[in-house]
Amino acid sequence: AVETVEKFPEIDIILMDIVLGNAMDGVTAAGIILEHRNIPLLFLSGYADPDIAHRTENIMIYGFIHKQSGSGVLLASITRALRLHDSFMRARALHEELEAVYEEMQSAMEELESTNQELIETQKDLVESESKYRRLHESMSEAYAMVDLTGRFMESNRAFQEMVQYSGEELLKMNFRELNAPGWELKEGRIIN
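A brief report on the enclosed structure follows. Treat the numbers as computed from the prediction; the structure is a model and nothing was measured.

### Some points on the overall build of the protein
Right, on to step 1. From N to C terminus, the protein includes six helices and seven strands.
Right, on to step 2. For the protein, the succession of helices and strands along the chain, N to C, is α-β-α-β-α-β-α-β-β-α-α-β-β.
Right, on to step 3. For 193 residues, the compact-globule formula gives about 16 Å, and the C-alpha radius of gyration of the protein, at 42 Å, lies well above that figure.
Right, on to step 4. In the protein, which comprises 193 residues, the proportion classed as buried is 24%.
Right, on to step 5. Partitioning the intrachain contacts of the protein with sequence separation of at least 6 by distance along the chain shows that 40% fall at a separation of at least 24.
Right, on to step 6. Per element, the accessible surface of the protein, about 13,900 Å² overall, is 54% carbon and sulfur.
Right, on to step 7. Of the side chains in the protein, 18 bear a positive and 34 a negative charge, and the two mean positions are spaced by 5 Å.

So, in structure tokens, the structure goes:
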């Protein structure tokens, strides 16, 4: 039985008797076969010994049929075993797919956590840089203002605000042309005096 299953991979189901002779019994043969091949296996025996049923508990079998059950029970058991095996194989394939998806998700989560940590560090650096820039900007004694290409004020320091006599908030609502300062011109986003 073991050699036959190895030689013929097209076998779809195994009906195994318990008593096979002196060398090996059906339970042992079934265990060897199922170690190497995932195939539905039904035990077919004339014995109803509880010890035999106990020995088959650790083997993946699809049924235990008494020989006197008749051909109708046998055919129904074979059909059921093939369906169960097909369902088992589909569930196994789905399980493997889900494991692969889970591993991909774990990898993506680790990558996201790493990226998030990098973003947190970058944000800290930006906040620190912004703070340094603001301190430098506010402490400059020279008047300084920045406008966009249309002439709208983007920022200014206190020296500039005192020079033009407008607050920073007022300047943000204005265009530099509204200041009417003679000799001023806009060049590359900067007011040149």
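### So, unusual backbone geometry
Right, on to step 1. Not every positive phi belongs to a glycine, and Q165 is a case in point at roughly 60°.
Right, on to step 2. Within the secondary structure, Q165 is located in the loop between α5 (158-164) and α6 (168-172).
Right, on to step 3. Residue Q165 is classed as exposed on the basis of its relative accessible area, which comes to 69%.

Cut-offs applied
- Residues numbered from 1 in each chain as written.
- Predicted model: local features only at pLDDT ≥ 70, side-chain atom pairs only at ≥ 80, totals over all residues.
- Heavy atoms only, no water.
- Helix = DSSP H or I, 4+ residues; strand = E, 2+ residues; numbered from the N terminus.
- Rg over C-alpha atoms; globule rule 2.2 N^0.38 Å.
- Buried < 20%, exposed > 50% of the residue type's maximum accessible area, 1.4 Å probe, protein only.
- Contact = heavy atoms within 4.5 Å.
- Areas by Shrake-Rupley, 256 points an atom, 1.4 Å probe, with all protein chains shown as cover.
- Lys, Arg positive; Asp, Glu negative; His and termini not counted.
- Charge placed at Lys NZ, Arg CZ, Asp CG, Glu CD.

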